[in-house]
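Descriptive analysis of the structure
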Amino acid sequence: MSSHTHTRTRTRTRAGTIALNSIVVIGALAMVFPFVWTLSTSLTHGAGLSATPSLIPSHPSLDGYRELFTRTPFARVVLNSIGLAVAITVAQLVTSTLAAYGFSRFEFRGKKAIFATYLATMMVPFQVLLVPLFVLMRDLKLLDTYLGVLLPSIASAFGVFLLRQAMNTIPRELDEAATLDGAGHFRIFSRIIVPNMLPALATLSVFAFMSSWNSFLWPLIILRSDDHKTLPLALASLQGQFTTQWDVIMAGSIVSIIPMLTLYIFAQKYIIQGVAGSGLK
Amino acid sequence: MSTRPVTSRLNLGSAPRRNVRTPTRASRHRRHTLIALTFLAPSALPLLVFSLIPMVRAMWTSLHKWNLIGPMRWVGFDNYVQLVKDPDTRAAFGHTVYYIVGYFPLVFVGGLALALALNRAMRGRNFVRGLYFLPVVTSWIAVALVWRWLLNPSVGIVNKVLEAVGIDGPGWWTDPSWAMPSIIFASAWKDLGFVMVILLAGLQTIPVDVQEAATIDGAGAWRRLWSVTLPLLTPSIFFVVIISLINGFQVFDQVYALTGGGPAGSSEVVVQRIYDLTFRYGQAGTASALSWLLVVVVLAVTLIQMRGEKKWVTYV
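Rules used in this analysis
Residues numbered from 1 in each chain as written. Chains lettered and ligands numbered in written order. Predicted model: local features only at pLDDT ≥ 70, side-chain atom pairs only at ≥ 80, totals over all residues. Heavy atoms only, no water. UniProt positions renumbered as here; feature names shortened; annotations may be inferred. Helix = DSSP H or I, 4+ residues; strand = E, 2+ residues; numbered from the N terminus. Rg over C-alpha atoms; globule rule 2.2 N^0.38 Å. Buried < 20%, exposed > 50% of the residue type's maximum accessible area, 1.4 Å probe, protein only. Contact = heavy atoms within 4.5 Å. Areas by Shrake-Rupley, 256 points an atom, 1.4 Å probe, with all protein chains shown as cover. Salt bridge = Lys/Arg side-chain N within 4 Å of Asp/Glu carboxyl O. Buried area = accessible area lost by both parts, 1.4 Å probe. Polar contact = N/O pair within 3.5 Å; in protein donor to acceptor, adjacent residues only side chain to side chain. Phe/Tyr/Trp six-rings, centres within 6.5 Å; stacked < 30°, edge-to-face > 60°. Lys NZ or Arg CZ within 6 Å of the ring centre and 35° of its normal.

- Chain B carries the name Multiple sugar transport system permease protein in an unreviewed UniProt entry, which gives Demequina lutea as its organism.

- In the nomenclature of an unreviewed UniProt entry, chain A is known as Multiple sugar transport system permease protein of Demequina lutea.
- We quote the UniProt Sequence similarities (unreviewed entry) comment for chain A here in full: "Belongs to the binding-protein-dependent transport system permease family."
- Here chain A is described in UniProt, under the heading Subcellular location (unreviewed entry), as follows: "Cell membrane".

Here's what the structure looks like:
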């Protein structure tokens, strides 16, 4: 290959790289556009009544937000969502780490079968549980209560699986050394196991929080009164209340997106790792 | 209470001290199991009560006529037979398959292209990846509202832009023939980043020296993609196929929020039908039967995929 053609191919691949990068960046902007559009609509008073609002509102107004928080119990709804998401996350962290320790550090009869049963519960789609769980919650008088939303999510087979995998990578020699030093299970658990699997715990936290924050079908069935609703439910009913007041509806969307967005910015590494990790069998 | 402590105390005089403090193998084993089960209990009990028992109850309910309030009436497999004949249920399965067939190619080709493009060295790569992943973490309801607004037939931005170039935009979610395509489009937008991340993770497991060896052997970029990268990526692709199919059959949130199954039932999917049967028509038995039918279909499709796995998935 002469040096002449060599340079030519290099310029060609360079041009190709630039073109490809531009496409990727333009695509990313297109991806984010709906969010930007949502934000600008939420700041346009009377959006949707007459004309299409402009991307940069000429007279930005917070009326949409004001109306949202005065005419609906939206502040309460945000607190409901945060409270439930935090409670579910904490519950899953506790129950899953304990179970993972049981599976990872003990040998006992029936262990394989029990673990397989855990995994089996992961395969059952939630729709199957819809009717029986609803009836159970009705019998327990837990309809329209936070506890009714919370209970089915306090344990997560996925969480147990994730943490067990992480725990298996912590060398047992560490526990054995601690046992010789006279440490009990609690000491081993809190001093050796937990500090060594913080990334996995972070991943599970993010997932638990995210799925609670975004969950829709189950809260839809359990929660009735307006001030018990979670964000997705309140959002879904905004449309009925504010049919064409798109600034109010989009304000609601923005309010629901911001907490998750903040969490995402801080935990991006764990979110993407977690998703990718679950994709690697 | 066990008598073991007493016996061991009785032995105290004759046996060496060490034996007292070391319990027999069997009792140590039992104690061991007990401790292990204590660790499992906080998750095992909820899973039993809120997952396993309801599963069995759903099976039982599906063999009855039941309106959620009155007594249950045994009907055997009638609910299943009825469902298979019911035109609305068939339509719901049809819409669900329509959704999967439209959604999967979009999200797969898009996700693969993105994964390949963002696996190269590029400035700000992580930030760009993050932007593509953003819709994945957002709730479907918020996203659906946003899309309802973007695709608003009269004042939505999409139709305005189309109008500007001389195209008369359709009533995206008010026109029966456009409702499902709108749902598909919005879903592909939301899930693109998810597919991208899984394929990226797969790409990163492909050893660099394999690619280099292919380059030295004179393989061009396309040849490397076709003969090296894609075959080695098949395990991740397989995972994407399985997950997309399972999630596709269970599609609900976006349909509920974007179209509510309408207009004129043109986008009613299976899960929506389960929901309607239970809470609108009070047919809990039929709804449970439909949910099991859905499980069977998903399981069958997954098993077929797994059977085909050996033919095209390469594990190194």
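**Quick notes on the overall build of chain B**
- On a plain count of helices and strands, chain B comes out with 14 helices and two strands.
- Since a compact globule built from 316 residues should have a radius of gyration of about 20 Å, the 28 Å found for chain B marks it as more spread out than a globular shape.
- Residues classed as buried in chain B amount to 50% of the 316 residues present.
- Restricting to contacts in chain B with at least 6 residues of sequence separation, those with at least 24 account for 64%.
- As presented, chain B carries roughly 16,200 Å² of accessible surface, and 65% of it is formed by carbon and sulfur atoms.

**Structural notes on the UniProt feature "transmembrane region" (unreviewed entry) in chain A**
- UniProt feature "transmembrane region" (unreviewed entry): in the numbering of this structure it lies at residues 18-37, 82-103, 115-137, 143-163, 197-221 and 248-267 of chain A.
- For residues 115-137 of chain A, the helix share is 91%, the strand share is 0%, and the end-to-end C-alpha distance is 27 Å.

**Here's the deal with the UniProt feature "transmembrane region" (unreviewed entry) in chain B**
Residue and element names in this part refer to chain B.
- In this numbering, the UniProt entry assigns the feature "transmembrane region" (unreviewed entry) to residues 34-56, 97-118, 130-150, 178-203, 224-246 and 284-304.
- Across residues 130-150, helical content stands at 90% and strand content at 0%; the span's end C-alpha atoms are separated by 22 Å.
- With 100% helix and 0% strand, the stretch residues 284-304 has end C-alpha atoms that lie 30 Å from each other.

**What about the UniProt feature "domain: ABC transmembrane type-1" (unreviewed entry) in chain A?**
- The positions that UniProt labels "domain: ABC transmembrane type-1" (unreviewed entry) are, in the present scheme, residues 78-267 of chain A.
- Summarising residues 78-267 of chain A: 78% helix, 0% strand, and an end-to-end C-alpha distance of 21 Å.

**Considering the pattern of salt bridges**
- Tallying each qualifying case throughout the model produces nine salt bridges over all chains.
- Here A:Asp63 and A:Arg66 are joined by a salt bridge, their closest N and O atoms 2.8 Å apart. Within this pair, A:Asp63 and its partner A:Arg66 are both found in helix α2 (residues 63-71), separated by three residues, close to a single helical turn.
- Counted as one network, the salt bridges with shared partners bring together B:Asp86, B:Glu268 and B:Arg273.

**Overview of unusual backbone geometry**
Residues and elements named next belong to chain B.
- Omega for the bond connecting Gly262 with Pro263 falls within 30 degrees of zero, at -10 degrees, which places this linkage in the cis form.
- Assignment of secondary structure puts Pro263 in the loop between α12 (253-258) and α13 (270-279).
- With a phi angle near 80 degrees, Leu68 is a residue other than glycine that sits in the positive phi range.
- Residue position: Leu68 is located in the loop between β1 (64-65) and β2 (73-74).
- Its identity as a non-glycine residue notwithstanding, Ala264 has a phi of 55 degrees, on the positive side.
- Along the chain, Ala264 turns up in the loop between α12 and α13.

**A word on the interface of chain B and chain A**
- Listed as interface residues are 77 residues of chain B and, on the opposing side, 85 residues of chain A.
- Between chain B and chain A, roughly 7,200 Å² of surface is buried when both sides are summed, and carbon and sulfur atoms account for 78% of that area.
- For chain B, the biggest contributors to the area lost against chain A are B:Phe39, B:Phe50 and B:Trp149; these three give 12% of the whole.
- The interface formed by chain B and chain A includes zero salt bridges.
- Here chain B is connected to chain A by 15 residue pairs in polar contact (both at pLDDT 80 or more).
- For the side of chain B that touches chain A, the secondary-structure elements that each account for two or more residues are α3 (25-61), α6 (125-137), α7 (140-150), α8 (157-164), α9 (176-204), α12, α13 and α14 (284-312) of chain B.
- The biggest single contributor to the side of chain B that touches chain A is α3(B), with 21 residues.

**Focus: the packing of aromatic side chains**
- Following the criterion strictly, the structure yields 31 aromatic pairs over all chains and no others.
- Between A:Phe103 and A:Tyr118 the ring centres are 5.1 Å apart and the planes differ by 90 degrees, which places this aromatic pair in the edge-to-face class. In this pair, A:Phe103 is assigned in helix α3 (residues 74-105) and A:Tyr118 in helix α4 (residues 111-123), connecting sequence segments 15 residues apart.
- For A:Phe103, a relative accessible area of 3% gives the class buried.
- Residue A:Tyr118 is classed as buried on the basis of its relative accessible area of 4%.
- Through successive ring pairs, a cluster of aromatic residues spans A:Phe134, A:Phe216, B:Phe252, B:Tyr256, B:Tyr275 and B:Phe279.
- Geometry around B:Trp173 places B:Arg148 over its ring, the cationic atom sitting 3.8 Å from the centre.

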